[in-house]
Amino acid sequence: MKNTICRLSSLAILGAMPFTANIALAQTTVAPATTTTTTTSATTSNGTVSQFSPDTIVVSSTTSAAPVSYSYSKTTTYVDENGNAVSSETVKSGAPVTVYYTQDGDKMIATKVIVRKTTTTTTP
């Protein structure tokens, strides 16, 4: 008789365990707030300056059918191929350049302009 009572009480305890586990799992949790991070990356473009105005550099390249306009500001840096600073006056029509830029909506903003040497080839 004692064995039967012990077995029944054991079964009752084991039978109640899933219910207590479900109650514990049914607790609601609040998810942490999510944050959105926006990253911008510099992109480069190679080409030849076709126009240099007080607020825009227009560059023609072989990868784009139409010339591309870049805005620039006082923080835009101008360097030669060796990384030495040069004045913005070295950017002239016909000069080969590499433009590092970021995109802000539809606007492309030049952050760095590398002015490359003009190379000429002579045929014998």
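The structure under discussion appears in the preceding block.
Owing to the predicted nature of the structure, the values given are computational and were not obtained by experimental measurement. (Residues numbered from 1 in each chain as written. Predicted model: local features only at pLDDT ≥ 70, side-chain atom pairs only at ≥ 80, totals over all residues. Heavy atoms only, no water.)

Quick look at the overall build of the protein chain now. Each helix and strand in the protein chain was counted, giving 1 helix and 6 strands. Listing each helix as α and each strand as β along the protein chain from the N terminus yields α-β-β-β-β-β-β. Burial statistics for the protein chain: of 124 residues in total, 23% are counted as buried. Within the protein chain, contacts between residues separated by at least 24 positions form 49% of all contacts whose residues are at least 6 apart in sequence. Taken as a whole, the protein chain presents about 9,600 Å² of accessible surface, with 57% of it coming from carbon and sulfur. (Helix = DSSP H or I, 4+ residues; strand = E, 2+ residues; numbered from the N terminus. Buried < 20%, exposed > 50% of the residue type's maximum accessible area, 1.4 Å probe, protein only. Contact = heavy atoms within 4.5 Å. Areas by Shrake-Rupley, 256 points an atom, 1.4 Å probe, with all protein chains shown as cover.)

The next subject is the environment of Ser 53. Within the secondary structure, Ser 53 is located in the loop between strand 1 (43-52) and strand 2 (56-60). A residue is classified by how much of its surface remains accessible, and Ser 53, at 16% relative accessible area, is buried. Each C-alpha atom of the pair Ser 53 and Lys 92 lies 9.7 Å from the other, and the pair is 39 residues apart in sequence.

Counting residues in hydrophobic clusters, the biggest one holds 15 residues, and the most contacted among them are Ile 57, Tyr 70, Val 97, Val 99 and Val 113. Broken down by secondary-structure element, the contributors of at least two residues to this core are strand 2, strand 3 (68-71), strand 5 (96-104) and strand 6 (107-115). Per-element tally for this core: the top contributor is strand 6, with 4 residues. Those residues within four positions of Tyr 70 in sequence are excluded, and the remaining contacts are Ser 45, Asp 55, Thr 56, Ile 57, Val 59, Val 99, Tyr 101, Met 108 and Ala 110. (Core = buried A, V, L, I, M, F, W, Y, C linked by side-chain atoms within 4.5 Å.)

Nothing here speaks to function; it is geometry throughout.
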